[in-house]
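Tertiary structure, described
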Amino acid sequence: MAIAGTLYGDRDGFRAKKIITAAEFGNKKIKIEPLSKIKHNSPCPPSEILFVTNEGNYLFDCNAVACYLANPFHGSAGGDKFHDSDVLQWIHMADTKILAPLLSWVIPCLSAYPYKSTYVAEAKEETLQAMQWLNTQLLLKTFLVGERLSLADIIMACDVLPAYQHVFDERIRKRFANVTRWFLTIINQPFFKKAIGDVPLCEKAAVFDEQLFKEFLAGSLTVERIVKYDAKHAAIVQSEVKAKPAEAPKKEVVVEEEKVAESDKKDPFAAFPKGFNSFFFLNKIQWCNYCLFQKI
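Presented here is an overview of the structure given in this document. (Residues numbered from 1 in each chain as written. Predicted model: local features only at pLDDT ≥ 70, side-chain atom pairs only at ≥ 80, totals over all residues. Heavy atoms only, no water.)

**Quick look at the overall build of the protein**
- Counting its secondary structure elements, the protein contains eleven helices and four strands.
- Burial statistics for the protein: of 296 residues in total, 33% are counted as buried.
- Of the contacts made within the protein by residues no fewer than 6 positions apart, 71% connect residues no fewer than 24 positions apart. (Helix = DSSP H or I, 4+ residues; strand = E, 2+ residues; numbered from the N terminus. Buried < 20%, exposed > 50% of the residue type's maximum accessible area, 1.4 Å probe, protein only. Contact = heavy atoms within 4.5 Å.)

Written out as structure tokens, the structure reads:
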């Protein structure tokens, strides 16, 4: 099987998992390299992933790469516009309405981000509301679009994967029984298992740990350097402010308005000859053009 392209990124990242699963679904083979091997003069913006096709084209959005590797309109072949639009709207909904608040809930609970109870509570509530809506939609459905598995199912399953791994314990899984049934159907597909492997379900919801967060910061060179640089920069700014002497208050300067003589208040164009009536001239040109156009 020929290689369809090269994926630069973290194999275990949720973005890469979408792409790897889509490649298996589309029966495509891809090469995976670390993100550090990307050339600095890459024409793409900074991203968590980058995909380079065999033709040398670049894709930096994981959903775009997934569409490239697997036919997003599986079962339609472009013949059913409603089916195709339905797939696209589910992909968009998965990323904007579910993944966004879900990560804001899960990542702090994994002690990989500062924990602010108010923000996490809001993200959790928003996620659960979206899941309740999804649970209703899947009441009488096996797949999200039509009667066959599509890329919409793959994207959605990869987006809710962190929840089922880290925060959706048995109580929440039972609460969203329809979503759980659908999720288990997708992750147990042969191509999904080949791409991701077995997915262990959450037994106890992850909880933020201050010590683990400190260890995470200590082990992250990027974060550590940023913190040190900011602290150093702030110290420099403060020292400059202290060293700079206070400026003396400036005296207000009152400028008296110059009196203009009556003789100077004359029309500067008075010496020029009078011009013609421009309105009449323009009307005449317009009339000539009209006559030429109408061939009168």
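Structure's up, so let's keep going.
**Points about helix 1 (residues 14–25)**
- Spanning twelve residues, helix 1 covers 17 Å between terminal C-alpha atoms, matching the ideal 16 Å at 1.5 Å per step.
- In terms of residue burial, helix 1 counts as a mostly covered element, since nine of its twelve residues are buried.
- Regarding helix 1, the residues found buried are A16, K17, K18, I19, I20, T21, A22, A23 and F25.
- Looking at the buried residues of helix 1, the elements they touch are strand 1 (3–8), strand 2 (29–33), helix 2 (62–69), helix 3 (81–109), helix 5 (151–166) and helix 8 (190–196). (Expected span 1.5 Å × (residues − 1).)

**Notes on the sheet that holds strand 3 (residues 50–53)**
- The four strands are arranged 2-1-3-4 in an open sheet whose pairing can be described as mixed. Across the chains shown, the open sheet's two edge strands, defined by having one partner strand only, are strand 2 and strand 4 (58–59).
- Along the sheet, helix 1 contacts strand 1 and strand 2; its crossing angle with strand 2, the most-contacted strand, is approximately 155°.
- Sheet contacts for helix 2: strand 1, strand 2, strand 3 and strand 4; angle to strand 3, the most-contacted strand, approximately 30°. (Pairing = 2+ DSSP bridges. Axes fitted to C-alpha atoms, helices over the stretch in contact; angles between N-to-C directions.)

**Comments concerning the packing of aromatic side chains**
- What the rule picks out here adds up to ten aromatic pairs.
- With 5.6 Å between their ring centres and 40° between their planes, W90 and W133 make a pair best called tilted. Pair noted here: W90 is in helix 3 and W133 is in helix 4 (residues 117–137), with a separation of 43 residues, a long-range link.
- The class of W90 is buried, set by a relative accessible area of 5%.
- Assessed through its relative accessible area of 40%, W133 is described here as partly exposed.
- Ring centres of Y164 and F168 lie 5.2 Å apart, and the angle between their planes is 75°; on these two criteria the pair is classed as edge-to-face. Comparing Y164 with F168 shows no difference in burial state: the two are buried. (Phe/Tyr/Trp six-rings, centres within 6.5 Å; stacked < 30°, edge-to-face > 60°.)

**So, the packing of helix 5 against helix 7 (residues 177–187)**
- At a closest axis distance of 10 Å, the pairing of helix 5 and helix 7 adopts a crossing angle of 110°. By the angle between their directions, the pair helix 5 and helix 7 is classed as roughly perpendicular. Handedness of the helix 5/helix 7 crossing: left-handed. Contact residues: D153, M156, A157, V160, L161 and Y164 in helix 5; V179, T180, W182, F183 and I186 in helix 7. (Parallel < 35°, antiparallel > 145°, perpendicular 65-115°, else oblique. Left-handed = near helix turned anticlockwise from the far one by under 90°.)

**A word on the side chain of N63**
- Tracing the sequence through the fold places N63 in helix 2.
- We classify N63 as buried; its relative accessible area is 10%.
- Ignoring sequence-local partners within four residues, the contact set of N63 consists of K18, I91, D95 and I155.

**Concerning the nonpolar core**
- Formed by 48 residues in total, the largest nonpolar core has its most connected members in W105, L134, L144, M156, F168 and W182.
- Elements represented by at least two residues in this core include exactly helix 1, helix 3, helix 4, helix 5, helix 7 and helix 8.
- Ranked by residue count, the leading element in this core is helix 5, at eleven residues.
- Structurally, this core is a two-domain feature, drawing no fewer than three residues from each of domain 1 (3–70) and domain 2 (75–242).
- Once you skip the residues sitting within four places of it in the chain, L134 turns out to touch W90, I98, L144, M156 and V179. (Core = buried A, V, L, I, M, F, W, Y, C linked by side-chain atoms within 4.5 Å. Domains from an automatic or database assignment.)

**Remarks on the packing of helix 3 against helix 5**
- Where helix 3 meets helix 5, the closest approach of the two axes is 9 Å, and the angle between their N-to-C directions is 10°. It follows from the interaxial angle that helix 3 and helix 5 lie roughly parallel. For the element pair helix 3 and helix 5, the recorded crossing hand is left-handed. Side by side, helix 3 and helix 5 meet where V87, W90, I91, M93, A94, D95, I98, L99, L102 and V106 of the first sit next to L151, A152, I155, M156, D159, V160, P162, A163 and H166 of the second.
- In the contact of helix 3 with helix 5, the residues fall into 16 nonpolar, one polar and two charged. (Nonpolar A, V, L, I, M, F, W, Y, C, P; charged D, E, K, R; others polar.)

**Observations concerning the pairing of strand 1**
- Taken across its six residues, strand 1 has five buried, putting it largely inside the fold.
- Pairing of strand 1 with strand 2 involves five bridges; the strand directions are parallel. If you follow T6 over to strand 2, its bridge partner there is K31.

**A word on the pattern of salt bridges**
- Throughout the structure, instances matching the rule amount to seven salt bridges.
- Ionic pairing is found between K194 and E24, a salt bridge with its closest N-O pair at 3.8 Å. Of this pair, K194 sits in helix 8 while E24 sits in helix 1, and the two are 170 residues apart along the sequence.
- When its relative accessible area of 63% is taken as the criterion, K194 is described as exposed.
- A residue is classified by how much of its surface remains accessible, and E24, at 27% relative accessible area, is partly exposed.
- One network of salt bridges, with partners in common, ties together K18, D95 and D159. (Salt bridge = Lys/Arg side-chain N within 4 Å of Asp/Glu carboxyl O.)

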